[in-house]
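Spelled out, the chains give:
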Amino acid sequence: AQTVTQSQPEMSVQEAETVTLSCTYDTSENNYYLFWYKQPPSRQMILVIRQEAYKQQNATENRFSVNFQKAAKSFSLKISDSQLGDTAMYFCAFMTPATQGGSEKLVFGKGTKLTVNP
Amino acid sequence: DTGVSQNPRHKITKRGQNVTFRCDPISEHNRLYWYRQTLGQGPEFLTYFQNEAQLEKSRLLSDRFSAERPKGSFSTLEIQRTEQGDSAMYLCASSLRGKSSYEQYFGPGTRLTVT
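Residues numbered from 1 in each chain as written. Chains lettered and ligands numbered in written order. Predicted model: local features only at pLDDT ≥ 70, side-chain atom pairs only at ≥ 80, totals over all residues. Heavy atoms only, no water.

Across its full length, chain B carries zero helices and 11 strands. Over its C-alpha trace chain B gives a radius of gyration of 13 Å, about what one expects of a compact globule, namely 13 Å for 115 residues. When the backbone C-alpha atoms are referred to their principal axes, chain B occupies close to 40 × 25 × 20 Å. Burial analysis of chain B (115 residues in total) assigns 49% to the buried set. Considering only residue pairs separated by 6 or more positions, chain B has 54% of its internal contacts joining residues 24 or more positions apart. Working note: accessible area of chain B is about 5900 Å², and carbon and sulfur atoms make up 44% of it. If you average the places of the 16 positive and of the 12 negative side-chain charges in chain B, the two averages end up 4 Å apart. (Helix = DSSP H or I, 4+ residues; strand = E, 2+ residues; numbered from the N terminus. Rg over C-alpha atoms; globule rule 2.2 N^0.38 Å. Buried < 20%, exposed > 50% of the residue type's maximum accessible area, 1.4 Å probe, protein only. Contact = heavy atoms within 4.5 Å. Areas by Shrake-Rupley, 256 points an atom, 1.4 Å probe, with all protein chains shown as cover. Lys, Arg positive; Asp, Glu negative; His and termini not counted. Charge placed at Lys NZ, Arg CZ, Asp CG, Glu CD.)

Right under this line is the structure:
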């Protein structure tokens, strides 16, 4: 069974600075997808960034980028130029696509609560 | 595209009562997922549907839980004889099978409190 571990329950960063959230996972699959989802207080979860395991290039989305280390099974999220609106719970998630026999369900870590301070 | 909606947003019930939640996915999405999130935890998978077929159920889904998706549109999740341990946020998500992004779109959730 796949597991996802986020070792930082809480983090804080000053506005405009850079912060990195850690995530490790365990799987025997070779093809899979990794996601970072953001859950703002009292608001619904939204996708931040996605990485396909077969792509060596790290994904980037504006101020958000990942450091994907497949051999180490590590998938960290870097947020540059942090903004107050980045304050949220951040969840790392793993998924095996159905073409590989998977159910496409998301397996989530416990989350990291990020606070951006003014 | 109005997003995924869930009703009710909050539900308080007494132990032993039955409750039903509704999820309306994004209209063209053929996959629908239910997750449960307890305080301080990430969401945990409960079940999912492709169109009207329920393709997988987690072992977390005891026989007191039942989910349906008639006609492949909205879905309902019913909990019978609720227990205090059922208190949680119940999240619904939808996606479009065949879309390479595999993104799941989440609703706002239904927060259940069992007293």
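We are not done yet, so read on.
Residues and elements named next belong to chain B. Of all seven residues in strand S5 (residues 44-50), five are buried, a share of seventy percent or more. Pairing analysis gives six bridges linking strand S4 (residues 31-37) to S5, with the strands arranged antiparallel. In the sheet register, Tyr-33 faces S5, and the bridge partner there is Tyr-48. Hairpin geometry of S4 and S5 is characterised by an intervening segment of six residues between the two adjacent antiparallel strands and by a positive phi of about 80° at Gly-40. Two elements, S5 and strand S6 (residues 53-57), share four bridges in a ladder whose sense is antiparallel. Looking at S6, one finds that Phe-49 is bridged to Gln-54. (Pairing = 2+ DSSP bridges.)

Tallied over the entire structure, the rule returns 19 aromatic pairs over all chains. Centroid distance Tyr-25 of chain A to Tyr-32 of chain A: 5.4 Å. Interplanar angle 65°. Geometry classified as edge-to-face. Of the two residues, Tyr-25 of chain A and Tyr-32 of chain A, both sit in the buried class. Aromatic pair Tyr-33 of chain A and Phe-35 of chain A: ring centres 6.5 Å apart, planes at 20°, arrangement stacked. By relative accessible area, which is 5% here, Tyr-33 of chain A ends up buried. Take Phe-35 of chain A: its relative accessible area is 0%, and that puts it in the buried class. In textbook terms, an aromatic cluster arises when at least three aromatic residues are bridged by ring pairs, as seen for Tyr-33, Phe-35, Tyr-37, Phe-91 and Phe-108 of chain A together with Tyr-33, Tyr-35, Phe-45, Tyr-48, Tyr-102 and Phe-106 of chain B. Here Arg-22 of chain B stacks its cationic end above the ring of Phe-74 of chain B, 3.9 Å away from the centre of that ring. (Phe/Tyr/Trp six-rings, centres within 6.5 Å; stacked < 30°, edge-to-face > 60°. Lys NZ or Arg CZ within 6 Å of the ring centre and 35° of its normal.)

Bringing the pattern of salt bridges into the picture now. Counted by the stated rule, this structure contains eight salt bridges over all chains. Taking the shortest distance from any N to any O, the salt bridge between Lys-73 of chain A and Asp-26 of chain A comes out at 3.6 Å. Of this pair, Lys-73 of chain A sits in the loop between strand S8 (64-69) and strand S9 (74-79) while Asp-26 of chain A sits in strand S4 (residues 24-26); the two residues are 47 residues apart in sequence, bridging distant segments of the chain. With relative accessibility at 41%, the residue Asp-26 of chain A sits in the partly exposed group. Of the charged contacts, one joins Lys-105 of chain A and Glu-56 of chain B as a salt bridge, the two residues approaching to 3.0 Å between their closest N and O atoms. Taken together, the residues Lys-105 of chain A in the loop between strand S10 (88-95) and strand S11 (107-108) and Glu-56 of chain B in strand S6 connect one chain to another. Salt bridges linked by common partners bring Arg-64, Glu-83 and Asp-86 of chain B together as one network. (Salt bridge = Lys/Arg side-chain N within 4 Å of Asp/Glu carboxyl O.)

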